[in-house]
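In case you want the letters, here they are:
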Amino acid sequence: MGKVKTIGKWQLNENMWATNNLNMTEKGKSLSVVKYNLVKNNNLPQYDYLILCTGCRVENFSHDMEVVKDKYDGVDKIINYFSNTDKNIIVRNILLDNDAPLNLEAKWLATYINNLAMGDNINSINMLGVSKGAVMAFNMSKHLHPFALQKTNLYTVAAPFNGTLLASPKYLFQKINDIVYNKIHNKVITKQVLNVLQIIFNSISSNSHMDYDIALPNGIEEDKKNLYDETFIKNMFTDENLLATMNLCQYYNICTGIDKNTLKEAIKTLNFTGIGLCLVDKLVFDEISDGLVPLTSQKEIENHLPEFKSISIPSSHHGVTSNNRVFKSILQIIDDTVSMQNEKKLSKKR
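Every value quoted in this text rests on a predicted model; they were computed, and no experiment measured them.

So, helix α3 (residues 102–117)
Then step 1. Its 16 residues place the ends of α3 22 Å apart at the C-alpha level, agreeing with the 22 Å of an ideal helix rising 1.5 Å per residue.
Then step 2. Among all positions of α3, only L102, E105, A106, W108, L109, A110, Y112, I113, N114, L116 and A117 are buried.

Set out below in structure tokens:
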């Protein structure tokens, strides 16, 4: 069971964080850190952090906004995996604010990691960002102090580096309108279907910075522009960001993509998230995607760091924490990286 520590709720009108006297609804939409029990496998006073951010809110996982069960966001898989290693792992989950610009949350995350890195007993800090959490974490690196960069490993998974259609209502609903109309050739029914889909979309989306900041350029309607930071995606690959990425202890970009076997596996394992993403991929995307982010967007980093190569996980969809095989592959990369780095430190001491 994880305990929620509320950091603050972003106030759109005042452009500031509120930290006191938050009601339950506000806490559910606040920037928060979930702390879990230590995974301890040896008696050494040395620890490695694994910080997860998949771009979810507290209200997605908690009824009282005070505790979060381990089963949410794949944390139980993380704990089970590392319980079978020789490492002492501190697990934290970052849950995003509904309304704060992702760029501001990236700055907060950097300060958080800078403070953790000051601990002499901390071997490494492993930041695992998925989806919007990935681009937020990538944008964070430029704010890390040199001593924190030396301890931080960044893993970006299914990152919408160029944005994504699914976070761009202006373009998304026009495309859906065209798809539905081309199927039934009836404007009235098409409009009714679109209205229902918009209701569903609005119930899922933050309808604010949390999702809009990863929209395609100009993908947000004019009346929502005050809830959208168009510079976030536009400035993703500045020299400052790229230099910081190269100065990290280690960086991996992990890509996900649906192929002919993805739906078969999702059906076989009763992974309804995967089934839904496969359907979205088939209906909405005209290129390889993971059901939410095109592969070209995920691999955009390679156009800015030519020598860098991403890692692709076959037959994978965007819901990586829901797929045991895929998530285990990601945790294996983290485990191997930490083992290699810890071994190097031991060799130097010898």
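Structural notes on the nonpolar core
Then step 1. Counting residues in hydrophobic clusters, the biggest one holds 46 residues, and the most contacted among them are I51, I94, L109, F138, F161 and I301.
Then step 2. For this core, the element with the most residues is α3, which contributes nine residues.
Then step 3. If we skip the residues at most four places from it in the chain, F138 touches L154, T156, F161, M236, F237, N241, L242, T245, Y251 and I301.
Then step 4. If you look at the next biggest cluster of nonpolar residues, it comprises 35 residues, including L50, F82, L95 and V338.

Focus on the pattern of salt bridges
Then step 1. Counted according to the given criterion, the structure contains 11 salt bridges.
Then step 2. By sharing partners, the salt bridges in this structure join K9, D97 and D99 into a single network.

Describing a nonpolar patch on the surface
Then step 1. Taken together, I184, V188, I189, V193 and L197 make up a surface patch of nonpolar side chains, about 360 Å² in accessible area.
Then step 2. Broken down by element, the residue count for the nonpolar patch peaks at four residues, all from helix α7 (residues 187–204).
Then step 3. Turning to its location among the elements, L197 is positioned in helix α7.

Considerations on unusual backbone geometry
Then step 1. At N21, a position not held by glycine, the phi torsion is positive, near 55°.
Then step 2. Its place among the elements puts N21 in the loop between β2 (16–18) and α1 (24–28).
Then step 3. A positive phi angle, close to 55°, is found at L270, a residue other than glycine.
Then step 4. Note on placement: L270 falls in the loop between α11 (262–268) and α12 (272–284).
Then step 5. By relative accessible area, L270 is classed as exposed at 59%.

Some thoughts on the layout of surface pockets
Then step 1. Approximately 1400 Å³ is the volume attributed to the largest pocket.
Then step 2. Around the largest pocket, the lining comprises 43 residues; the ones closest to its centre are L166, I204, L277, G291 and L292.
Then step 3. Elements represented by at least two residues in the lining of the largest pocket include exactly α6 (169–184), α7, α8 (209–212) and α12.
Then step 4. Residues belonging to the lining of the largest pocket are distributed by class as follows: 23 nonpolar, 14 polar and six charged.

Considerations on the packing of α3 against helix α4 (residues 132–140)
Then step 1. Running from N to C, α3 and α4 cross one another at 65°; their axes reach a closest spacing of 8 Å. Between α3 and α4 the crossing geometry is right-handed. Residues L102, N103, E105, A106, L109, A110 and I113 of α3 lie in contact with α4, whose contacting residues are K132, M136, A137, N139 and M140.
Then step 2. By residue class, the composition of the contact of α3 with α4 is eight nonpolar, two polar and two charged.

Regarding the pairing of strand β1 (residues 2–11)
Then step 1. Pairing of β1 with strand β5 (residues 67–68) involves two bridges; the strand directions are antiparallel. Looking at the pairing, G2 lines up with V68 of β5.
Then step 2. In terms of strand pairing, β1 meets strand β3 (residues 31–35) through five bridges, oriented antiparallel. Of the residues in β3, the one forming a bridge with T6 is S32.
Then step 3. Examined bridge by bridge, β1 and β2 share three bridges and lie antiparallel to one another. Pairing of K9 across the sheet is with A18, part of β2.

Brief notes about the confidence of the model for the chain
Then step 1. In the predicted model, the chain carries a mean pLDDT of 92, and 98% of its residues have values of at least 70.
Then step 2. The element-level mean pLDDT for the chain is lowest in α7, coming to 75, with strand β8 (residues 152–157) highest at 98.

About the cut-offs
- Residues numbered from 1 in each chain as written.
- Predicted model: local features only at pLDDT ≥ 70, side-chain atom pairs only at ≥ 80, totals over all residues.
- Heavy atoms only, no water.
- Helix = DSSP H or I, 4+ residues; strand = E, 2+ residues; numbered from the N terminus.
- Expected span 1.5 Å × (residues − 1).
- Buried < 20%, exposed > 50% of the residue type's maximum accessible area, 1.4 Å probe, protein only.
- Core = buried A, V, L, I, M, F, W, Y, C linked by side-chain atoms within 4.5 Å.
- Contact = heavy atoms within 4.5 Å.
- Salt bridge = Lys/Arg side-chain N within 4 Å of Asp/Glu carboxyl O.
- Patch = residues over 30% accessible without salt bridge, like charges linked within 9 Å, V, L, I, M, F, W, Y side chains within 5 Å.
- Areas by Shrake-Rupley, 256 points an atom, 1.4 Å probe, with all protein chains shown as cover.
- 1 Å grid on protein atoms, 1.4 Å probe; cavity = no way out; pocket = protein on both sides within 12 Å on 5 of 7 lines; lining within 4 Å.
- Points joined across faces, edges and corners; volume = space filled by probe spheres on them.
- Nonpolar A, V, L, I, M, F, W, Y, C, P; charged D, E, K, R; others polar.
- Axes fitted to C-alpha atoms, helices over the stretch in contact; angles between N-to-C directions.
- Left-handed = near helix turned anticlockwise from the far one by under 90°.
- Pairing = 2+ DSSP bridges.
- pLDDT = per-residue confidence, 0-100.

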